[in-house]
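Structural characterization, general
Listed below, chain by chain, are the residues.
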Amino acid sequence: MSTTDLHVHNPVEELLRQDRIPTIWCPGCGIGTSVNSFAHALLKQNIDLDKTAIVSGIGCSGRVSGYMNLDSFHTTHGRAIPFATGLKLARPELNVIVYSGDGDLASIGGNHLIHAARRNMDILVVCINNMIYAMTGGQAAATTPGSSLSTTTPYGAFEPELNLVQLVDAAGACFVARWTAYHVVQLERTLEKALRKKGFRFIEVLSPCPTYFQRKNNMGDALQAMLDYKKRSKIQHGCPTWETALTPSGPIIVGEFVDREREDYLTRMRKQLGPHYSEFPAQQEEHVSEGCSREC
Amino acid sequence: MPKGTVAITAERCKGCGFCVEFCPTHVLELSSAFNAKGYHPPHMIAPEKCSGCNLCGMYCPDFAIFGFRLAANGESKGATK
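Overview of the structure. Not measured: the values here are computed from a predicted model.

Turning next to the layout of surface pockets. Empty space left among the atoms is revealed by rolling a probe the size of a water molecule over them. All names here are of chain A. Of the voids in this model, the largest pocket is the one considered here, and its volume is about 370 Å³. Taken together, 22 residues make up the lining of the largest pocket; nearest its centre are Phe 213, Met 219, Asp 228, Arg 232 and Pro 248. Counting only elements with at least two residues in the lining of the largest pocket, the list comes to helix H9 (210-216) and helix H10 (222-232). For the lining of the largest pocket, the element with the highest residue contribution is H10, accounting for five residues. Each residue belonging to the lining of the largest pocket can be placed in one class, and the counts come to ten nonpolar, ten polar and two charged.

What follows is about the environment of Met 135 of chain A. All names here are of chain A. Among the structural elements, Met 135 can be located in the loop between strand S4 (124-129) and helix H7 (164-171). Considering only alpha carbons, one finds Met 135 and Gly 103, 32 residues apart in sequence, at a separation of 9.8 Å. In this structure Met 135 touches Ile 24, Gly 59, Cys 60 and Arg 63, once residues within four positions along its chain are discounted.

We now examine the packing of aromatic side chains. Scanning the entire structure with this criterion turns up eight aromatic pairs over all chains. Summarising the aromatic geometry, the rings of Tyr 182 of chain A and Tyr 59 of chain B are spaced 6.1 Å apart at their centres and angled 35° between planes, so their arrangement reads as tilted. On the criterion of chain membership, the pair formed by Tyr 182 of chain A in the loop between strand S5 (175-180) and helix H8 (184-196) and Tyr 59 of chain B in helix H2 (residues 55-59) is interchain, its members lying in two chains. Accessibility assignment for this pair places Tyr 182 of chain A and Tyr 59 of chain B in one class, buried.

Another point: the interface of chain B and chain A. Each partner contributes to the interface: chain B provides 28 residues, whereas chain A provides 38 residues. In total, about 2,700 Å² of surface goes out of reach between chain B and chain A, with carbon and sulfur atoms giving 66% of it. Per-residue buried area on chain B facing chain A is highest for Arg 12, Met 58 and Phe 63 of chain B; these three make up 28% of the total on that side. Along the contact surface separating chain B from chain A lie one salt bridge. As a salt-bridge pair, Arg 12 of chain B and Glu 13 of chain A come within 3.2 Å of each other at their nearest N and O atoms. At the boundary of chain B with chain A, the tally comes to ten residue pairs in polar contact (both at pLDDT 80 or more). When contributions to the side of chain B that touches chain A are tallied by element, the ones reaching two or more residues are strand S1 (4-8), helix H1 (18-22), H2 and strand S4 (65-70) of chain B. Broken down by element, the residue count for the side of chain B that touches chain A peaks at four residues, all from H2 of chain B. When the residues that make up the side of chain B that touches chain A are grouped by side-chain class, the tally is 15 nonpolar, seven polar and six charged.

All names here are of chain A. The full count for this structure, using the stated rule, is four cavities of 30 Å³ or more. Computed from the structure, the largest cavity encloses a volume of approximately 130 Å³. It is helix H5 (residues 102-108) that contributes the most residues to the lining of the largest cavity, three residues altogether. Among the residues making up the lining of the largest cavity, the classes are represented as six nonpolar, seven polar and two charged.

Residues and elements named next belong to chain A. Strand order in the open sheet formed by eight strands is S2-S1-S3-S4-S6-S5-S8-S7, and the pairing between neighbours is mixed. The open sheet has two free edges, formed respectively by strand S2 (71-74) and strand S7 (233-235), since each of these has just one partner strand. In this sheet, neighbouring strand axes are inclined to one another by 20° on average, regardless of whether the strands run parallel or antiparallel. On top of the sheet, H7 reaches S4, S5, strand S6 (201-206) and strand S8 (252-259); it is set at about 170° to S5, its chief contact.

Okay, the pairing of S4 of chain B next. Residue and element names in this part refer to chain B. Counted residue by residue, S4 has five buried out of six residues, so it is predominantly covered. Taken together, the five bridges between S1 and S4 define a ladder with antiparallel strand orientation. By the bridge assignment, Ala 7 is partnered in S4 with Phe 66.

The next subject is the pairing of S8 of chain A. Look at any regular strand and the pattern is simple: side chains alternate between the two faces of the sheet. Residues and elements named next belong to chain A. For S8, the buried fraction is high: seven of the eight residues fall into the buried class. As judged from the four bridges shared by S5 and S8, these two strands associate in the antiparallel manner. Paired with Arg 178 across the two strands is Gly 255, which belongs to S8. Pairing of S7 with S8 involves three bridges; the strand directions are parallel. Pairing of Lys 234 across the sheet is with Ile 253, part of S8.

Each value, and the rule that gives it
Residues numbered from 1 in each chain as written. Chains lettered and ligands numbered in written order. Predicted model: local features only at pLDDT ≥ 70, side-chain atom pairs only at ≥ 80, totals over all residues. Heavy atoms only, no water. 1 Å grid on protein atoms, 1.4 Å probe; cavity = no way out; pocket = protein on both sides within 12 Å on 5 of 7 lines; lining within 4 Å. Points joined across faces, edges and corners; volume = space filled by probe spheres on them. Helix = DSSP H or I, 4+ residues; strand = E, 2+ residues; numbered from the N terminus. Nonpolar A, V, L, I, M, F, W, Y, C, P; charged D, E, K, R; others polar. Contact = heavy atoms within 4.5 Å. Phe/Tyr/Trp six-rings, centres within 6.5 Å; stacked < 30°, edge-to-face > 60°. Buried < 20%, exposed > 50% of the residue type's maximum accessible area, 1.4 Å probe, protein only. Buried area = accessible area lost by both parts, 1.4 Å probe. Salt bridge = Lys/Arg side-chain N within 4 Å of Asp/Glu carboxyl O. Polar contact = N/O pair within 3.5 Å; in protein donor to acceptor, adjacent residues only side chain to side chain. Pairing = 2+ DSSP bridges. Axes fitted to C-alpha atoms, helices over the stretch in contact; angles between N-to-C directions.

As structure tokens, this is what we get:
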């Protein structure tokens, strides 16, 4: 039975730039799976897609902004959150979503992640954690588990890994959750919930990286990683984030950990500025001096 | 009478096998045929068992497969446009 007979189409396809598909992602990469959940969440929430912008950094997950048929921004390495912050301040009516990887958000742009959570910027951050810098050649990232092999750690990483959910919780994020690429339906529900919320929202999605992380550490292919997620995952909503550290063979604690209310940056700014604040400040004319400005 | 069916875009498939593994009613299997890129796309081995739940579509990283429910008269339902 062909699709043309029934005039059916994949509901996700209207959110994708058809001319850019097939994607460059490796067979079994979990990023595409998370994009499915994200697209379904956007469609179910009936969000105005003209007022939704997606910002990505560099990396495999950074390609998402190019594949989604939304207003998108592919920024420099690690600086997805600063660009998103600027976009949100200039156009407060937009839903700004940052979709990027762990190497980009947590390692190169780690400081921006902490401070965006501290300021409580009204953005949704989806962090695809494949535990390695995948696109640049498999170097160790801040999230690479201790003693695992990568291109830059041939004797095993000597540093312990960063627990991202604990980090952003400590910095003051409003909503913190973690799922894996295996939990597609749960991830969709969490994304729907996060899209309705205001403030800094952080969702970590563990994803297989068959080409670098799994191959270097003899962990099998992507399907093996997904079955491993299925076996080891333990859903614990509201679990204190200091108990959610990822260990090489222990349980993977997933769920929605933090859901709190806090004033976001724009609300605080408006309150403090009071009558001095205006949404669209009058544009000042730029005085461009002609010719040489210095007295020669 | 099947309750649902899947539509497969074989040329996009990279043969990761997620749809085959996670189909709740085990409808799919990777075929021995190749697509243009040399991967083995899935095909239905038990179409009568398909419920059209679209879990295969949710798992597919390459947007190559999706499931949809059929109405009683065999027409598609829900996913039409």
